[in-house]
Amino acid sequence: MTGAMQLTNVLKTLADPTRRAVFERIAQEGEVAATGLVRGSKVSQPAVSQHLRALRDAGLVAERRDGRRIHYRVAPKGLGPLIDWLGHYQTFWAERFENLEKLLKETE
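This structure is a prediction, so every number in the text was calculated from the model and none was measured. (Residues numbered from 1 in each chain as written. Predicted model: local features only at pLDDT ≥ 70, side-chain atom pairs only at ≥ 80, totals over all residues. Heavy atoms only, no water.)

> With reference to specific residues and values, describe the overall build of the protein chain.
Secondary structure assignment for the protein chain yields five helices and three strands. Ordered by position in the sequence, the α and β elements of the protein chain form the string α-α-β-α-α-β-β-α. What you see for the protein chain is a C-alpha radius of gyration of 19 Å, clearly larger than the 13 Å of a compact globule of 108 residues, by over 25%. Counting only C-alpha atoms, the protein chain reaches 65 × 30 × 20 Å along its principal axes. Here the protein chain, with 108 residues, has 24% of them falling under the buried criterion. (Helix = DSSP H or I, 4+ residues; strand = E, 2+ residues; numbered from the N terminus. Rg over C-alpha atoms; globule rule 2.2 N^0.38 Å. Buried < 20%, exposed > 50% of the residue type's maximum accessible area, 1.4 Å probe, protein only.)

> An account of the packing of aromatic side chains is requested, with residue identities and associated values reported.
For the structure on display, the rule yields four aromatic pairs. In this structure an aromatic cluster arises from ring pairing among W85, Y89, F92, W93 and F97. (Phe/Tyr/Trp six-rings, centres within 6.5 Å; stacked < 30°, edge-to-face > 60°.)

> Give me the packing of helix α1 (residues 3-15) against helix α5 (residues 80-107): which residues, what numbers.
Put simply, α1 and α5 touch, their axes get as near as 8 Å, and they point 100° apart. Regarding the angle of α1 to α5, the classification is roughly perpendicular. Judged by residue contacts, G3, Q6, L7, V10, L11 and L14 of α1 engage P81, L82 and W85 from α5. Tallied by class, the residues present in the contact of α1 with α5 amount to seven nonpolar, two polar and no charged. (Axes fitted to C-alpha atoms, helices over the stretch in contact; angles between N-to-C directions. Parallel < 35°, antiparallel > 145°, perpendicular 65-115°, else oblique. Contact = heavy atoms within 4.5 Å. Nonpolar A, V, L, I, M, F, W, Y, C, P; charged D, E, K, R; others polar.)

> Account for the layout of surface pockets, with residues named and values stated.
Of the pockets and cavities examined, the largest pocket occupies roughly 160 Å³. In terms of lining residues, the largest pocket is bounded by A34, T35, V38, Q45, S49, L52, R53, R56 and Y72. Those elements giving two or more residues to the lining of the largest pocket turn out to be α3 (34-38) and α4 (45-57). (1 Å grid on protein atoms, 1.4 Å probe; cavity = no way out; pocket = protein on both sides within 12 Å on 5 of 7 lines; lining within 4 Å. Points joined across faces, edges and corners; volume = space filled by probe spheres on them.)

> Lay out the packing of helix α2 (residues 17-29) against α4 in plain terms, naming residues and giving numbers.
Relative to each other, α2 and α4 sit at 75°, their axes nearing to 10 Å. Judged on the interaxial angle alone, α4 and α2 are roughly perpendicular. Counted together, T18, R19, V22, F23 and I26 of α2 and H51, L52, A54 and L55 of α4 form the full contact between these two elements. Tallied by class, the residues present in the contact of α2 with α4 amount to six nonpolar, two polar and one charged.

Structural measurements only, silent on function.
Printed below as a string of structure tokens:
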């Protein structure tokens with residue numbers, strides 16, 4: 001999969017607010033069983049499973065099996081395409097703001 005396709009996949013996956021909340025909860029807890037994600041949430045077990053599948057397919061979470069239980073943790077490399085893309089625009093905007101600051105000083 002190309003870098004652009006990976007970025008699109010990560011962005012699409014994290015665009016869903018419920019899926020993003022599941023991802024954030026996994027990130028906060030370090031590792032969590034799928035059943036733990038259902039408890040205390042207003043999302044059904046089948047919906048959580050679908051969100052976990054999408055996160056796994058996008059490379060954003062990894063799973064560890066312990067008997068019948070599956071534990072999920074964030075896969076940091078999965079965010080790589082997004083971090084790279086944001087890094088490019090961080091440089092882009094920093095340069096633009098520097099130019100704007102210079103222009104404003106010249107017009108004073």
